[in-house]
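# Geometric and topological summary
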Amino acid sequence: MKLPILSTLVSVAAVVHSVSAQDAPVYVVDPSTGFKFSTVQQKYDPPVNKGDLTMGFAFPKKGAKDEYVGYMVARRQGTPGGAGYTGISHSSGMLKSLLLVAWVNGQDIQTSWRYATKYNPPVKYTGPPPKLTKLATVVNASHYSLTYRCQSCLTWTQGGQAGNLSLSTEAALFSYAQGATAPAKSDNPDASIGMHNSGFGVLPAVVKDAETDDYEKLASTPAKGGVAPAKAPANAAPPAGSAPKASSSASPKASAPAPAKGKGSGTMPPMQSFRRI
Ligand code: HEM
């Protein structure tokens, strides 16, 4: 199944990439948890895509199907202070969907739940509250990453309208949007946000690649902060000269989740990515 990223919707300056659900998955190790995520990547590719996002998903193989673990790695971009936002929609579009918006707030990442019925700035989501647990949060000079457990995130209701994202399918279609203007108040989840002028598109999470027997272990990683990615994952090129140097000492484990380590800019093992052959 070919899943064009919004090719019918894009304007000249928007995203024109296409991602196929049959493309070989790109696996990326999150250095903070040691977990190997199956990812969808949108390369930094100006002027078409001025954002840069690697988004990993892990789904439970059995049990509750209303949750997942997400691993977001984004290039810091925009003004002021590289605090533009990344939004994850829990459906293939912006409207009538649960929107998670995240941006850098000092050494932390602020998250916010939004909802939109029109192509206007989304309002606060006021339906049954999803539960987001930060498993690891990393902010460095060029990138930020957030590993999060998202419970009650795949069903939502607002204004009498219910929606859901099924994991009983070949590819769960999430989508994303990135904006280069920092939200008005970085520590306020209700801060006003601007248009996504850095890119937007569909994120097809191939369910069989994201399902894992290690889900419970990963989802219960102690939430203590994380280890900074030394650079963007392969295929997600950072801007020249902005990625911090990689530490030569540590290398992340390939798949077993490990407890998160210290916060912020401690040891920085290189992030590794694998392509299945
Ligand atoms: C000020 C805030 C926002 C405004 C004014 C806005 C406006 C728009 C507009 C006009 C489009 C259609 C673009 C086109 O067809 O070329 C669009 C698409 C889209 N937006 Fe937003 N948006 C905002 C925030 C967000 C946020 C926070 C998210 C995600 C969390 C998001 C996700 C999307 C996605 C995935 C699409 C493409 C799919 C679709 O058309 O539904 N948007 N937005």
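In the annotation of an unreviewed UniProt entry, the protein is listed under the name CBD9-like protein and assigned to Tothia fuscella.

### Considering the overall build of the protein
The helix and strand tally for the protein stands at two helices and 18 strands. In the protein, buried positions account for 48% of the 277 residues. Within the protein, contacts between residues at least 6 apart in sequence are counted, and of these 66% link residues at least 24 apart.

### With respect to the site of the ligand
As a matter of local geometry, the ligand sits amid 25 residues, with Gly 87, Gly 93, Met 94, Tyr 119 and Pro 121 nearest to it. Listing elements by their share of the shell around the ligand, those giving two or more residues are β7 (85–89), β8 (99–105) and β15 (171–179). For the shell around the ligand, the element with the most residues is β7, which contributes three residues. Among the residues making up the shell around the ligand, the classes are represented as 16 nonpolar, eight polar and one charged.

### A look at the nonpolar core
Judged by nonpolar contacts, the single largest core of 60 residues is most densely connected at Ala 58, Met 72, Ala 102, Trp 103 and Ala 205. In this view, Ala 58 contacts Phe 35, Phe 37, Tyr 68, Val 69, Ala 210, Thr 212, Tyr 215 and Leu 218; residues no more than four positions away in its chain are not counted.

### Remarks on the pairing of strand β13 (residues 155–158)
Only one face of β13 is covered, namely the one carrying Trp 156 and Gln 158; the face carrying Thr 155 and Thr 157 has none of its residues buried. One ladder, built from four bridges, connects β13 with strand β14 (residues 161–164); its direction is antiparallel. Within β14, the residue paired with Thr 157 across the bridge is Ala 162. The antiparallel hairpin formed by β13 and β14 contains two residues in its connecting segment, where Gly 159 sits at a positive phi of about 55°.

### Description of the confidence of the model for the protein
Confidence in the prediction for the protein averages 78 pLDDT; 72% of positions are at 70 or higher. Confidence drops under pLDDT 50 across residues 1–21; counting only partners more than four residues distant or on other chains, this segment forms 43 contacts. Predicted confidence for residues 235–277 stays below pLDDT 50, and this span has 117 contacts to residues more than four positions away or in other chains.

### Overview of unusual backbone geometry
Of note, the bond from Pro 46 into Pro 47 is cis; its omega dihedral lies within 30 degrees of zero at 0°. On the secondary structure map, Pro 47 appears in the loop between β4 (36–42) and β5 (53–60). Following Thr 79, the chain continues to Pro 80 via a peptide bond in cis, the omega torsion being -10°. Its location among the elements puts Pro 80 in the loop between β6 (67–75) and β7. One non-glycine residue with positive phi stands out, namely Lys 96, at about 55°. Summarising the element assignment, Lys 96 is placed in the loop between β7 and β8. One non-glycine residue, Ser 152, lies in positive phi territory at about 55°. Its location among the elements puts Ser 152 in the loop between β12 (143–151) and β13.

### Focus on the sheet that holds strand β9 (residues 108–115)
One open sheet holds the six strands; their spatial order is β10-β9-β8-β7-β15-β16, and the pairing between them is antiparallel. Edge positions in the sheet fall to β10 (123–124) and β16 (199–206), since each has one partner strand and no second. As judged from the five bridges shared by β7 and β15, these two strands associate in the antiparallel manner. Looking at β15, one finds that Gly 87 is bridged to Ala 177.

Rules used in this analysis
Residues numbered from 1 in each chain as written. Predicted model: local features only at pLDDT ≥ 70, side-chain atom pairs only at ≥ 80, totals over all residues. Helix = DSSP H or I, 4+ residues; strand = E, 2+ residues; numbered from the N terminus. Buried ≥ 20, exposed ≤ 12 C-beta atoms within 10 Å, placed from the backbone. Contact = placed C-beta atoms within 7 Å. Near = placed C-beta within 6 Å. Nonpolar A, V, L, I, M, F, W, Y, C, P; charged D, E, K, R; others polar. Core = buried A, V, L, I, M, F, W, Y, C linked by C-beta atoms within 7 Å. Pairing = 2+ DSSP bridges. pLDDT = per-residue confidence, 0-100.

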